[in-house]
Amino acid sequence: MKNNHPQTHHVLLTGGNGLVGKSLTQALLREGHRVSHLSRTPSIIPEVTTYGWNVVDQQIDARCLDGVDTIIHLAGADIAEQTWTPARKLEISRSRTESIRLLYRLMGQRPHAVKSVISASGIAFYGDRADEIMTEQSPPSPDFLGTICQEWEAAVGEGKALGLRVVIFRTGVVLTKEGGALASLVPMIQSGFGASIGSGRQWVPWIHLQDVVGLYVLAVRDPSLAGVVNQTAPGLLTNRQFMEALARHFNKPLWMPSIPAFMLKLMMGERSAFVLNSTRAVPQERLLQAYSYQFPTLDKALSAIYASPVDGSATFAPFLPRM
Ligand SMILES: NC(=O)c1ccc[n+]([C@@H]2O[C@H](COP(=O)([O-])OP(=O)(O)OC[C@H]3O[C@@H](n4cnc5c(N)ncnc54)[C@H](OP(=O)(O)O)[C@@H]3O)[C@@H](O)[C@H]2O)c1
């Protein structure tokens, strides 16, 4: 008789306490997978075992690999929150590259059952590209974030020499009420002083958090998924269209003139790239066939995010630790 039950996995997450990691942990547990974290702080979810590591000192609890068949690598120092001093740039890079190398070195030193490594990267790989459509084959940007993404993907890709299946998601701007882009844009819109940014013509490669989680879960259970994958929604919009949709959703006018690019550059320096860059990174046909998006359009995403206390998913609510 055919066994229709999905195969369960033991997944080790780095960065499991972060914005994506918390929701992903809950989704994996709901699917019946076992979840461990490799982290600097213990998880508050009782079903999760946390193992400690320190990337700077290259210390890692060797037991973290026990029974693990899949690693999901989300760890990385926050890119948006602090000024990019040389020391911060080094931390942004090393927390993504030296972390996964630490795990690979451990795998070289002891027997293990790891078959797959699934990692985050970012659409910042492509940089500022006007209306050009970015596929996974498009060349990288030479700017700081583009270089970080290349180094990150190269470090993760070293797993192929260890015989691992490697999946790399180039993630767009993750939308959730819990933090990230919407948490800073929505108060502005709600106050009636929202405005588009720069020319307003730059493409915003957004994706709903639940689709980010859904795509990681798919990558865990589908061994045929491999390589680099754009992780964005099908219905991308320009910044102007994005702000108009937000204003419409909250029934507010969008009457203010757009915020000039030079002001943002003065205020944010290099980090203004987050809001000024135009990156039209679209999901590819093979992904659209393998995965059915819960939130393909921004209107649907906003209705879900602002319809209930936690991202419109009642099943998430009892589990999600609040910040
Ligand atoms: N959110 C987005 O819009 C977005 C877009 C594109 C790409 N991404 C990428 O996707 C991944 C997950 O995103 P996220 O929003 O969930 O990130 P997040 O909330 O900032 O969480 C990242 C996690 O990385 C770990 N971390 C931070 N600094 C570290 C350091 N110096 N050394 C080792 N670990 C460190 C932390 O885990 P512990 O506290 O457990 O140690 C933290 O919870 C990140 O790599 C991010 O760059 C996110």
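Everything that follows concerns the structure shown earlier in this document.
Read on for a plain summary of the structure. These figures come from a predicted structure and were not determined experimentally.

Let us now look at the overall build of the protein chain. Across its full length, the protein chain carries 10 helices and 14 strands. Against the globule reference of 20 Å for 323 residues, the protein chain gives a C-alpha radius of gyration of 20 Å, in line with a compact fold. Each principal axis of the C-alpha atoms in the protein chain carries an extent, and together these give about 60 × 50 × 35 Å. Here the protein chain holds 323 residues, and the buried ones make up 53% of them. Here the analysis covers contacts within the protein chain between residues at least 6 apart in sequence; of these, 77% occur between residues at least 24 apart. With the model as given, the accessible surface of the protein chain reaches about 14800 Å², and the carbon-plus-sulfur share is 56%. Charged side chains in the protein chain number 30 positive and 26 negative. The centres of these two groups are separated by 2 Å.

Time to look at the site of the ligand. Close contacts around the ligand come from 21 residues, with Leu19, Val20, Ser39, Leu74 and Arg96 the closest. Interatomic distance of 2.5 Å between a side-chain N/O atom of Ser39 and an oxygen atom of the ligand. Taken by itself the ligand offers 890 Å² of open surface, and the protein chains cover 81% of this. When residues of the shell around the ligand are traced back to their parent elements, those giving at least two are α1 (19-30), α2 (86-109) and β6 (116-122). No other element matches the 3 residues that α2 contributes to the shell around the ligand. For the shell around the ligand, the class distribution of residues is 8 nonpolar, 10 polar and 3 charged.

Let us now look at the packing of helix α6 (residues 239-249) against helix α10 (residues 298-305). Each pair of packed helices can be summarised by the angle the axes make with each other and by the distance between the axes. Interaxial distance between α6 and α10 falls to 10 Å at its minimum, and their mutual angle equals 40°. The angle between α6 and α10 places the two elements in the oblique class. Handedness of the α6/α10 crossing: right-handed. Counted together, Phe242, Ala245, Leu246, Arg248 and His249 of α6 and Leu298, Asp299, Leu302 and Ser303 of α10 form the full contact between these two elements. For the contact of α6 with α10, the per-class residue count stands at 5 nonpolar, 2 polar and 2 charged.

Further remarks concern the pattern of salt bridges. Tallied over the full model, the rule gives 12 salt bridges. The salt bridge involving Arg248 is made with Asp299; its shortest N-O contact spans 3.5 Å. In this pair, Arg248 is assigned in helix α6 and Asp299 in helix α10, connecting sequence segments 51 residues apart. Connected through salt bridges with shared partners, the residues Glu81, Arg88 and Glu91 form a single ionic network.

What follows deals with the pairing of strand β5 (residues 70-73). The side-chain alternation of β5 yields two buried faces, one formed by Thr70 and Ile72 and the other by Ile71 and His73. Relative to β5, strand β1 (residues 10-14) is paired through 4 bridges, and the arrangement is parallel. Paired with Leu12 across the bridge in β5 is Ile71.

Moving on, we get to the side chain of Thr171. Its location among the elements puts Thr171 in strand β8 (residues 165-171). Among the polar contacts made by the side chain of Thr171, one reaches the side chain of Gln231 at a distance of 2.6 Å. In this view, Thr171 contacts Ser121, Gly122, Ile123, Ile207, Val212, Tyr216 and Gln231; residues no more than four positions away in its chain are not counted.

The rules we used
- Residues numbered from 1 in each chain as written.
- Predicted model: local features only at pLDDT ≥ 70, side-chain atom pairs only at ≥ 80, totals over all residues.
- Heavy atoms only, no water.
- Helix = DSSP H or I, 4+ residues; strand = E, 2+ residues; numbered from the N terminus.
- Rg over C-alpha atoms; globule rule 2.2 N^0.38 Å.
- Buried < 20%, exposed > 50% of the residue type's maximum accessible area, 1.4 Å probe, protein only.
- Contact = heavy atoms within 4.5 Å.
- Areas by Shrake-Rupley, 256 points an atom, 1.4 Å probe, with all protein chains shown as cover.
- Lys, Arg positive; Asp, Glu negative; His and termini not counted.
- Charge placed at Lys NZ, Arg CZ, Asp CG, Glu CD.
- Near = heavy atom within 4 Å.
- Polar contact = N/O pair within 3.5 Å; in protein donor to acceptor, adjacent residues only side chain to side chain.
- Nonpolar A, V, L, I, M, F, W, Y, C, P; charged D, E, K, R; others polar.
- Axes fitted to C-alpha atoms, helices over the stretch in contact; angles between N-to-C directions.
- Parallel < 35°, antiparallel > 145°, perpendicular 65-115°, else oblique.
- Left-handed = near helix turned anticlockwise from the far one by under 90°.
- Salt bridge = Lys/Arg side-chain N within 4 Å of Asp/Glu carboxyl O.
- Pairing = 2+ DSSP bridges.

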